[in-house]
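Structural description and commentary
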Amino acid sequence: MLLPLVLVAGLLTPAQAPELRVPGAEHAVVARLDDLTTAGTARTGHTDPADWAGLHSAATVNPTGVPGIQIDGYFPDTSTTNTTHGWNHDSQFVIRLPERWNGGLVITGTPGNREQYANDFTIADWVLARGYAFAATDKGNTGVDFHTDGRRPGDAIAEWNHRVTQLTLAARSVVRQRYGKQPRRTFMAGISNGGYLVRWQLENRGGLYDGGVDWEGTLWRARGDNLLDFLPKALRAYPEPDGVRAAGFAAGSEFLWPFHRQYYWELTTQLYQKELDPSYQGAAADYDYAERSRAANCVHQPAAPGGNCVSAAVSRIALTGRITKPLITLHGTLDTLLPISRSSDVYARMVGPHRPFRYHRVEGGNHLDSLVDAHPDRLEPMLPAFRDAFTELAEWVGS
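What counts and what doesn't
- Residues numbered from 1 in each chain as written.
- Predicted model: local features only at pLDDT ≥ 70, side-chain atom pairs only at ≥ 80, totals over all residues.
- Heavy atoms only, no water.
- Phe/Tyr/Trp six-rings, centres within 6.5 Å; stacked < 30°, edge-to-face > 60°.
- Helix = DSSP H or I, 4+ residues; strand = E, 2+ residues; numbered from the N terminus.
- Buried < 20%, exposed > 50% of the residue type's maximum accessible area, 1.4 Å probe, protein only.
- Pairing = 2+ DSSP bridges.
- Right-handed = clockwise from strand over helix to strand, strands pointing away.
- Axes fitted to C-alpha atoms, helices over the stretch in contact; angles between N-to-C directions.
- Parallel < 35°, antiparallel > 145°, perpendicular 65-115°, else oblique.
- Left-handed = near helix turned anticlockwise from the far one by under 90°.
- Contact = heavy atoms within 4.5 Å.
- Nonpolar A, V, L, I, M, F, W, Y, C, P; charged D, E, K, R; others polar.
- Polar contact = N/O pair within 3.5 Å; in protein donor to acceptor, adjacent residues only side chain to side chain.

Attention now goes to the packing of aromatic side chains. To describe a pair of aromatic rings, one takes the distance between the centres and the angle between the planes. In this structure the tally under the stated criterion is 21 aromatic pairs. Considering the side-chain rings of Tyr-238 and Trp-265, the 6.1 Å spacing of their centres and the 85° angle between planes classify their relative orientation as edge-to-face. With a gap of 27 residues between them, Tyr-238 in the loop between helix 6 (227–237) and helix 7 (241–246) and Trp-265 in helix 8 (residues 257–276) connect regions that are remote in the sequence. Owing to a relative accessible area of 26%, Tyr-238 belongs among the partly exposed residues under this scheme. Residue Trp-265 is classed as buried on the basis of its relative accessible area, which comes to 0%.

With six of six residues buried, strand 4 (residues 104–109) lies mostly within the body of the structure. With five bridges joining them, strand 4 and strand 6 (residues 185–191) adopt parallel strand pairing. Paired with Val-106 across the bridge in strand 6 is Phe-187. Across five bridges, the pairing between strand 4 and strand 5 (residues 133–137) is parallel. Within strand 5, the residue paired with Thr-108 across the bridge is Ala-136. Between the parallel elements strand 4 and strand 5, the chain passes through helix 3 (residues 120–129) in a crossover that is right-handed.

On to the packing of helix 3 against helix 12 (residues 383–397). One can describe the packing of helix 3 onto helix 12 by two numbers: an axis separation of 11 Å at closest approach and a directional angle of 45°. Our classification of the angle between helix 3 and helix 12 gives oblique. Helix-helix and strand crossings are classified by hand; for helix 3 and helix 12 the assignment is right-handed. Where helix 3 abuts helix 12, its residues Thr-122, Ile-123, Trp-126 and Val-127 lie against Leu-383, Phe-386, Arg-387, Phe-390 and Thr-391. Per-class residue counts for the contact of helix 3 with helix 12 are six nonpolar, two polar and one charged.

Tracing the backbone through its elements, the reader meets Asp-35 in the loop between strand 1 (27–33) and helix 1 (38–44). Engagement of the side chain of Asp-35 in a polar contact is seen with the side chain of Thr-37, the distance being 2.8 Å. Looking at Asp-35, its side chain comes within polar contact range of the main-chain nitrogen of Gly-65, at 3.0 Å. Look past the residues within four positions of Asp-35 in its chain and what remains in contact with it is Gly-40, Thr-41, Thr-64, Gly-65, Val-66 and Pro-67.

Quick look at the sheet that holds strand 2 (residues 68–74) now. With mixed pairing, nine strands are arranged side by side in an open sheet as 1-2-3-5-4-6-7-10-11. The open sheet has two free edges, formed respectively by strand 1 and strand 11 (357–362), since each of these has just one partner strand. Neighbouring strand axes in the sheet, compared pairwise and without regard to direction, differ in orientation by 15° on average. Strands in contact with helix 3 are strand 3 (92–98), strand 4, strand 5 and strand 6; relative to strand 5, the strand with the most contacts, it is inclined by about 160°. Relative to the sheet, helix 11 (residues 344–351) contacts strand 10 (327–332) and strand 11, its axis offset from that of strand 11 by approximately 165°.

The residue Tyr-287 is located in the loop between helix 8 and helix 9 (289–293) in this model. Expressed as a C-alpha distance, the spacing of Tyr-287 and Leu-231, which sit 56 residues apart in the sequence, is 9.2 Å. Setting aside anything within four residues of it in sequence, one finds Tyr-287 in contact with Leu-228, Pro-232, Arg-236, Gln-273, Asp-277, Tyr-280, Arg-292 and Val-310.

The subject of this paragraph is the environment of Tyr-347. Checked against the element boundaries, Tyr-347 lands in helix 11. Look at Tyr-347 and you get buried, because its relative accessible area is 0%. As a C-alpha pair, Tyr-347 and Leu-219 span 128 residues in sequence and 7.2 Å in three-dimensional space. If we skip the residues at most four places from it in the chain, Tyr-347 touches Arg-199, Glu-203, Leu-219, Leu-319, Gly-321, Ile-323 and Leu-327.

Any link to function would need more than the numbers given here.
Written out as structure tokens, the structure is:
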């Protein structure tokens, strides 16, 4: 169970750490910890193991023993889906500052609809042990009701991008306060929805970063090749193999289909229908993105004067491929939630050959490393490939 931060030993009073102010934060709690990795923070209440459960293989070995300062808090927001620490307040963040700093900063946004600690085991432990400062945001709304945040379709996802930018600016300031100088390199990294955030930031806010690693990022395009197009097709076809493969799922991934059909395909479709096309009332499997995008089917919505349709909502959050800083994308060939042929293969073509981009297709990789434990003879974990990609990025930009 996550402990209230106010009960944790090692908290610093403003007099002890007056220089550590998070610009724009409504609330912040500063603590000096013996270990900023999950081995330590799970004991002190400075992480939530439930937030990162299921994202890694049980065989994963992480570094430990990184002393430093952690800041937990939140930015002003009106939504309350994140109940961590009893704050009942969204736009929560965590910033970690290791004693032995290498001059770098890593910014992350969470996968799925998880909270700010979701990347602690998969990303934070490893980069902290290498001397990077680390910061993560809950993206401004969490859980299966994330779509209730905002007035217009797409508002909740649009907020994700805003919150990452907000955190990046604040974290860079905190790093300067703590170490006396700006970070030499600022990288972004993320998984799934977090990978989408990496892409969006490097396309739209590239001046804040020196590069990023996108681990199986979600692809949003107004025309085709997004999950509201291929997931309903898979639902309609399942279990007929030719139809599921035609939806984009790789031959050889059939053994993963029952699990994803039960736990992911339908729920994911429903959540993003509610966020991007809330007037749709039918079954997830009956959803037809192309049909719903046609002008004749655009439905007037009071929250969006003049009417709106799903393609207009997706356009607000869509990716273009026009990255402005080095990006490494990695994607598993057996990803059975965001199939590679409809996701990163497409994004690689969008980026094209003339931008700073490297693409690694991981043979046997799937969307969830936890499934490697159930299928060790068929799946390869993605986490080692991510660590290799991060090292490659740092060498590429001269960190």
